[in-house]
Amino acid sequence: MPIRLLFKHSVLLLSGLISSAVFAENTYKIDPEHTFSSFEYQHWGLSTQRGRFDKNTGSITMDTENKSGSINLEIDANSVNTGSDIFNRAMRSSNFFDTDKFPKISFSSDKMIFNEDKLTQVTGKLTIKNTTLPVTIEVTQFNCRFMILYLREACGANGYTKILRSDFKVGRYVPFVSDEVTLYFNVEAIKE
């Protein structure tokens, strides 16, 4: 085979490998109508209380073949919803989230851990009130499928992590209100 022909075949093979690598990675836009971040904690040893953040945006990049990806989730701290207007105002105040100064909570990750085809953990950094710390989210459910509603593929996952709220400067009333908080993430994202 002449060198010129060999070079041409090598370039075609290399470009094919590069394009297949590019297409193996897919980007999904987080669906704000089906994505909620929530939290639960112990209230004065009496009961488990729950709340959620109603406005979540972001994107997920995933390559299931190579078991890799990244997540960027942004949570509107003003969208905190406890079921009580009085308590919502308290949660937005400087005693807790101080949403006038810190309107966003964010999670970013560039490490996804798979067990065969199932996503089992996501490690990344959580930022609350300008404090960023590493967290590991345990994924309890993960599925992707073609959705007739969107005429595109969508992926969804549920997961949780535990944090100490005092680590993020949201520690008012510790230890009467538990320092440990469980954060839950229910995410659906649509392929772009």
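Above this note sits the structure.
Per chain, residues are indexed from 1 in the order of the written sequence. This being a predicted model, a pLDDT of at least 70 is required before a residue's local features are given, and a value of 80 or more before pairs of side-chain atoms are given or counted; all residues contribute to the totals for chains, interfaces and linings. Values shown for side chains rest on all heavy atoms present in the structure; no hydrogens or waters enter the calculation.

Undergrad: What am I meant to see in the nonpolar core here?
TA: For soluble globular proteins, nonpolar side chains are generally found buried alongside one another. Take the buried Ala, Val, Leu, Ile, Met, Phe, Trp, Tyr and Cys residues and link them wherever side-chain atoms come within 4.5 Å; each set so joined is a nonpolar core. Only protein chains enter the accessibility calculation, which uses a 1.4 Å probe. A residue is then buried if its area is under 20% of the maximum for its type, exposed if over 50%, and partly exposed in between. Judged by nonpolar contacts, the single largest core of 38 residues is most densely connected at Ile60 and Leu126. The secondary structure listing takes helices from DSSP runs of H or I that are at least 4 residues long and strands from runs of E that are at least 2 residues long, numbered from the N terminus. Per-element tally for this core: the top contributor is strand S11 (residues 180–191), with five residues. The contact criterion used is simple: two residues touch if any of their non-hydrogen atoms lie within 4.5 Å. For Leu126, the contacting residues outside a window of four places in its chain are Ile105, Ser106, Phe107, Thr131, Thr132, Leu133, Val135, Ile163, Phe168 and Leu183.

Undergrad: How do you make sense of the pairing of strand S5 (residues 68–76) when you look at a structure like this?
TA: Successive side chains on a regular strand alternate, one facing one side of the sheet and the next facing the other. Bridge count between strand S4 (residues 56–63) and S5: eight bridges; the pairing is antiparallel. Note on S5: the bridge partner recorded for Gly58 is Leu73. Should DSSP find at least two bridges between two strands, the strands are taken to pair. Linking S4 back to S5 in an antiparallel pair, the connection comprises four residues, with Lys67 at a positive phi of about 55°. Pairing between S5 and strand S7 (residues 104–115): six bridges, direction antiparallel. Bridge pairing in S7 links Asp76 to Lys104.

Undergrad: So what exactly am I meant to see when it comes to the environment of Ile113 here?
TA: Looking at where Ile113 falls in the secondary structure, it is placed in strand S7. Taking the C-alpha atoms as reference points, Ile113 and Glu138, 25 residues apart in sequence, are found 9.8 Å from one another.

Undergrad: Any chance you could explain the side chain of Ser79 here in plain terms?
TA: Looking at the secondary structure, you find Ser79 in the loop between S5 and strand S6 (80–81). According to the relative accessible area criterion, Ser79 is buried, its value standing at 8%. Filtering out sequence-adjacent residues up to four positions away, Ser79 remains in contact with Arg52, Phe53, Asp54 and Lys55.

Undergrad: It is not clear to me how the pairing of strand S8 (residues 118–128) should be interpreted in this structure. Could you clarify?
TA: Examined bridge by bridge, S7 and S8 share eight bridges and lie antiparallel to one another. Considered in S8, the bridge of Ile113 is made with Gln121. Between S7 and S8, which pair antiparallel and follow one another directly, the connecting turn spans two residues, one of which, Glu116, has a positive phi of 60°. Examined bridge by bridge, S8 and strand S9 (residues 131–147) share eight bridges and lie antiparallel to one another. Opposite Gln121, over in S9, you have Glu138 as the bridge partner. Here S8 folds back onto S9, and the loop between the two strands holds two residues, one of which, Lys129, carries a positive phi near 50°.

Undergrad: So what exactly am I meant to see when it comes to the environment of Asp117 here?
TA: Within the secondary structure, Asp117 is located in the loop between S7 and S8. Through-space distance from the C-alpha of Asp117 to that of Phe142 is 9.5 Å; in sequence the pair is 25 residues apart. At 3.4 Å, the side chain of Asp117 and the side chain of Lys67 are in polar contact. N or O atoms closer than or at 3.5 Å make up a polar contact, with two conditions inside protein: a donor-capable atom paired with an acceptor-capable one, and, for residues adjacent in sequence, both atoms drawn from side chains.

Undergrad: What's the story with the pattern of salt bridges in this structure? I'm lost.
TA: Side chains that differ in charge, positive against negative, can pair when their charged atoms come close. Criterion for a salt bridge: a side-chain nitrogen of Lys or Arg within 4 Å of a carboxyl oxygen of Asp or Glu. Under the criterion given, the structure shown has four salt bridges. Across the pair Arg50 and Glu40 runs a salt bridge, and its minimum N-O distance is 2.9 Å. Of this pair, Arg50 sits in strand S3 (residues 47–53) while Glu40 sits in strand S2 (residues 36–43); the two residues are ten residues apart in sequence, bridging distant segments of the chain. According to the relative accessible area criterion, Glu40 is buried, its value standing at 17%.

Undergrad: Explanation requested: the state of the cysteines in the structure shown.
TA: In protein chemistry, a disulfide is the covalent bond that joins the sulfur atoms of two cysteines. Here, the term disulfide refers to a pair of cysteine sulfur atoms separated by no more than 2.5 Å. Inspection of the entire model under this criterion finds one disulfide. The partner cysteine of Cys144 in its disulfide is Cys155, sulfur to sulfur 2.0 Å. What sets the handedness of the Cys144 and Cys155 disulfide is the S-S torsion sign, and at about 110° it is right-handed. One end of the pair, Cys144, is in strand S9; the other, Cys155, is in strand S10 (residues 152–164), with eleven residues separating them in the sequence.

Undergrad: Is there a simple way to explain empty space enclosed by the protein in this structure?
TA: Gaps between atoms show up when a probe of the same size as a water molecule is rolled over them. Grid points spaced at 1 Å over the protein atoms alone were grouped into cavities, where a 1.4 Å probe fits but cannot get out, and pockets, open sets with protein on both sides within 12 Å along at least five of seven lines, with lining residues defined by an atom within 4 Å of a point. Grid points are joined across faces, edges and corners, and a volume is the space filled by probe spheres set on the points. Scanning all chains against the criterion turns up one cavity of 30 Å³ or more. Approximately 250 Å³ is the volume attributed to the largest cavity. Of all the secondary-structure elements, those providing two or more residues to the lining of the largest cavity are S4, S5, S7, S8, S9, S10 and S11. Of all the elements, S10 adds the most residues to the lining of the largest cavity, at five residues. Side-chain classes follow a simple rule in which Ala, Val, Leu, Ile, Met, Phe, Trp, Tyr, Cys and Pro form the nonpolar group, Asp, Glu, Lys and Arg form the charged group, and the remainder, Gly included, forms the polar group. Residues that form the lining of the largest cavity fall into these classes: 16 nonpolar, three polar and one charged.

Everything listed here is a matter of coordinates, which is why it stays silent on function.
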